[in-house]
Amino acid sequence: GAGVSQSPSNKVTEKGKDVELRCDPISGHTALYWYRQRLGQGLEFLIYFQGNSAPDKSGLPSDRFSAERTGESVSTLTIQRTQQEDSAVYLCASSSRQATEAFFGQGTRLTVV
Amino acid sequence: DQQVKQNSPSLSVQEGRISILNCDYTNSMFDYFLWYKKYPAEGPTFLISISSIKDKNEDGRFTVFLNKSAKHLSLHIVPSQPGDSAVYFCAASLRGAQKLVFGQGTRLTINP
């Protein structure tokens, strides 16, 4: 596909369980971002990968959150021991080195019950 | 520390009139600014951008204005159409970096 793809589109999980969210960026895009949007809130930066540089993890809210990216391909965001406040739409975006515009996926709606 | 702020959570405009969405930022090092549009259950889509070396960029019905001295940018939509009803986010990035910092968003409603 031509766009950023995220899976699953919806995830309901029990409090305390671990979840893994996946992002397939646009082919050739060196930069990849994770954001989340809680209900009624703006876009909250979580983590940023740029090529082989060390990721900017300054937005991760706690050590329960981690993300990996292999090269310039797929990224996974892992949330351990989920809490109800983790409920949000998790958005992934990618951009090329030459451009600053980031292209977003449709998001994963996470609900922790 | 909210570096990019959209102080109006919502805006309602009559169809055909001009919509003006505002955004303020605090970091004078930001050198690139963007507007995104988001419909429910979809990811944000890029709308228009402006570099700090310009003060205006126009694309069809959409114009973005940048006032660097005031650290303020605005998005003008004219004429407004019902399909413009969405949440609009402004974003900014720092020189040399591509990380985008977003505002909280403004929900625009265009009334027929």
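For the structure itself, look to the data block above.
Residues numbered from 1 in each chain as written. Chains lettered and ligands numbered in written order. Predicted model: local features only at pLDDT ≥ 70, side-chain atom pairs only at ≥ 80, totals over all residues. Heavy atoms only, no water.

A. Quick look at the interface of chain B and chain A. Taken together, the 17 residues of chain B in the interface contact 23 residues of chain A. Buried surface at the junction of chain B and chain A, both sides included, amounts to about 1500 Å², of which 58% is carbon and sulfur. Joining chain B to chain A, the criterion identifies zero salt bridges. Inspection of the region where chain B meets chain A yields three residue pairs in polar contact (both at pLDDT 80 or more). Among the elements of the structure, β4 (30-38), β9 (86-94) and β10 (100-102) of chain B are those that each provide at least two residues to the side of chain B that touches chain A. Per element, the largest residue contribution to the side of chain B that touches chain A is four residues, and it comes from β4(B). (Contact = heavy atoms within 4.5 Å. Buried area = accessible area lost by both parts, 1.4 Å probe. Salt bridge = Lys/Arg side-chain N within 4 Å of Asp/Glu carboxyl O. Polar contact = N/O pair within 3.5 Å; in protein donor to acceptor, adjacent residues only side chain to side chain. Helix = DSSP H or I, 4+ residues; strand = E, 2+ residues; numbered from the N terminus.)

B. Expanded view of the sheet that holds strand β6 (residues 65-69) of chain A. Residues and elements named next belong to chain A. An order of β1-β3-β7-β6 is seen for the four strands of this open sheet, with the pairing classed as antiparallel. Of all the strands in the sheet, the pair left with one neighbour each is β1 (5-7) and β6. Averaged over all adjacent pairs, the angle separating strand axes in this sheet is 15°, with direction ignored. Sheet topology places β6 next to strand β7 (residues 75-79); five bridges connect them, and they run antiparallel. Residue pairing across strands places S66 opposite T78, the latter belonging to β7. (Pairing = 2+ DSSP bridges. Axes fitted to C-alpha atoms, helices over the stretch in contact; angles between N-to-C directions.)

C. Representation of unusual backbone geometry. Of note, the amide linkage connecting A:S7 to A:P8 takes the cis form, showing an omega dihedral of -10°. Mapped onto the elements of the fold, A:P8 is located in the loop between β1 and β2 (10-13). Between B:V78 and the following residue, B:P79, the backbone shows a cis peptide bond with an omega angle of -10°. For B:P79, the location among the structural elements is in the loop between β8 (72-77) and β9.

D. Quick peek at the pairing of strand β11 (residues 106-111) of chain B. Residue and element names in this part refer to chain B. Of the two faces of β11, the one lined by T106, L108 and I110 is fully buried and the one lined by R107, T109 and N111 carries no buried residue. For strand β2 (residues 10-14) and β11, the ladder comprises five bridges, and the chain directions are parallel. The residue bridging V13 from the neighbouring strand is I110, located in β11. Two strands pair when backbone bridges link them, and β9 and β11 are joined in this way by three bridges, in the antiparallel orientation. Across the sheet, V87 pairs through a bridge with R107, a residue of β11. (Buried < 20%, exposed > 50% of the residue type's maximum accessible area, 1.4 Å probe, protein only.)

These results come straight from atomic positions and should not be treated as a statement about function.
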